[in-house]
Amino acid sequence: MTTRARATVTVSWPEANTRRLARQHLTAPAPSAPASAPSAPASASTAEAVGAMLGAHAQVLSAAELSVGLRGDGLTRTDVRAALWAEGTGESGRTTLVKTFGPRGTVHLLPVADLPLWTGALSAVPTGPNLFSKDARMTPDQVEAVVTAVGDALQGVELTVDELSDEVVARTGPWAGDPVMPAFQTMWPRWRQVLHLAGHRGALAYAPNRGRKATYTNPGCTPMPGPAALAALVERYLYAYGPATPAHFARWLAAPKRWAAEQFAASAASGAIEEVEFADEGSAWVVAGDTDFPNEPARGVRLLPYFDAFTIASHPRGRLFPGTAYERALGGGQAGNYPVLLVDGTVAGVWHQRRSGRRIAVTVEPLKPLTAPRLRDLEEQVERVAAIMEGTAELTVGTVTVGPHA
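Residues numbered from 1 in each chain as written. Predicted model: local features only at pLDDT ≥ 70, side-chain atom pairs only at ≥ 80, totals over all residues. Heavy atoms only, no water.

Peer 1: Can you help me understand the pairing of strand S15 (residues 359-366) in this one?
Peer 2: Regular strands show a simple pattern: their side chains alternate between the two faces of the sheet. Judged from the eight bridges that link them, strand S14 (residues 346-356) and S15 form a sheet pairing that is antiparallel. Residue pairing in the sheet places Gln353 in a bridge with Val362 of S15. Hairpin connection from S14 to S15: two residues lie between these consecutive antiparallel strands, with Gly357 at a positive phi of about 65°. In this structure, S15 lies alongside strand S16 (residues 392-397), joined through six bridges in parallel fashion. When the sheet's bridge partners are listed, Val362 is paired in S16 with Leu395. This β-α-β element, S15 to helix H15 (residues 372-388) to S16, shows right-handed connectivity. (Pairing = 2+ DSSP bridges. Helix = DSSP H or I, 4+ residues; strand = E, 2+ residues; numbered from the N terminus. Right-handed = clockwise from strand over helix to strand, strands pointing away.)

Peer 1: Just checking my understanding: could you explain helix H7 (residues 161-172) for this structure?
Peer 2: The periodicity of an α-helix, 3.6 residues per turn, causes residues three or four places apart in sequence to face the same way. The end-to-end C-alpha distance of H7 is 16 Å, a good match for the 16 Å that twelve residues give at a rise of 1.5 Å each. Listed as buried for H7 are Val161, Leu164, Ser165 and Val168. An end-on view of H7 places all buried positions within 105° of arc, on one side of the element. Residues of H7 that are exposed and point more than 90 degrees away from the buried face comprise Asp162, Asp166 and Ala170. Turning to H7, the residues buried within the fold contact helix H6 (140-153), strand S5 (159-160), strand S7 (186-189), helix H8 (195-200) and strand S9 (213-217). Positive phi appears at Gly173, one or two residues downstream of H7, with a value of about 150°. (Expected span 1.5 Å × (residues − 1). Buried < 20%, exposed > 50% of the residue type's maximum accessible area, 1.4 Å probe, protein only. Arc of directions from axis to C-beta. Contact = heavy atoms within 4.5 Å.)

Peer 1: Help me understand the packing of aromatic side chains in this model?
Peer 2: Two aromatic rings are characterised by how far apart their centres lie and by the angle between their planes. A full pass over the atoms with the stated rule returns ten aromatic pairs. Look at Tyr237 and Phe249: their rings are 5.2 Å apart centre to centre, the planes differ by 65°, and that puts the pair in the edge-to-face class. Within this pair, whereas Tyr237 is found in helix H9 (residues 226-241), its partner Phe249 is found in helix H10 (residues 246-253), the two being separated by twelve residues in sequence. Phe249 carries the same exposure label as Tyr237, and that label is buried. Among the aromatic side chains, those forming a connected cluster through ring pairs are Trp118, Tyr237, Tyr241, Phe249, Trp252, Trp259 and Phe264. Geometry around Trp188 places Arg192 over its ring, the cationic atom sitting 3.7 Å from the centre. Its end group placed over the ring of Tyr338, Arg328 keeps NZ or CZ at 5.4 Å from the ring centre. (Phe/Tyr/Trp six-rings, centres within 6.5 Å; stacked < 30°, edge-to-face > 60°. Lys NZ or Arg CZ within 6 Å of the ring centre and 35° of its normal.)

Peer 1: When you look at the environment of Ala313 in this model, what are you seeing that I'm missing?
Peer 2: By the secondary structure assignment, Ala313 is in helix H12 (residues 309-313). A relative accessible area of 1% means that Ala313 is categorised as buried. Along the sequence, Ala313 and Arg251 sit 62 residues apart, while their C-alpha atoms lie 8.5 Å from each other. Those residues in contact with Ala313 that lie beyond four places of it in its chain are Tyr237, Tyr241 and Trp252.

Structure representation (structure tokens):
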């Protein structure tokens, strides 16, 4: 019988949280391009920021723009859009971000350079039980036929979902167009249930909107082999959010816990990761040799938007959302449902904004009264939010208007 060696490093919650904040560029902005490449500093900064957080949740694109902007040096939402759609990036028109289906099958911004890794890893994650009714399901052969049809139909073109649907049905058969998927008081065609899978396979990504309609294209990505991609993703996850457990990794990916444990075991056997003792979790994991943690606790105030990567992927949740924050800001256990106020690295309230033209009304609801220094920090953070969103903001704390911010 093999006896597992006991972890020799102990990591406290403040140490882990402070390092995560730093690696998320929430304490210092992501680096811009080097002086030798001054033509696209914003592009370099956005890609670095998105890579560091392991993707920016982009179901609401304005929230993703703010998530990225908060981690960059002088970034605005225009910089994020330029990196995504190649607007104003020079003659090459080179994009550094892509909008596609990421962890948990949800829409994310990812670095273009990392797309082979992401598609290789995500396409190798086991799918959960099929929740569709028996008459709506697709056979494995039908799934493969649809993914192939999507990739072929999007080669070199940008199609709306209706245009893509016509192409998929024409290339596979009428069964793909059967309206069997309940969605928003209507019924979607059968093939739509694997739209995210086509993204995970590298056959589909978002293209610029056509008016109010989303469009899709084939990003021309060849996924990495699954085992290598998964091993790399485990290391990247642990570098950004470690110490972490297989259960944390499984929750982040919406993957089976046993499967996640197997991935960690394989990485441990190869010597890529090592075990530590962590806070309330007991045994947890970090990248091998990555056991240096800051001694000073996190300081400062941050405003994070809906579904920010830091709040979604950081565990244990009870430490990040202490006391009443767990009830007020966590949304019944689902991180990301509320924009959050961070004070010294932990959730200390919620906030919201209402935009009218360039004016952005920002209301912050701290769970405890803020000290005068923290109020000044908050004002500075609101100024930064306004700059990123290219507007003029007015901060209200509770019912007291503190003043205008440009």
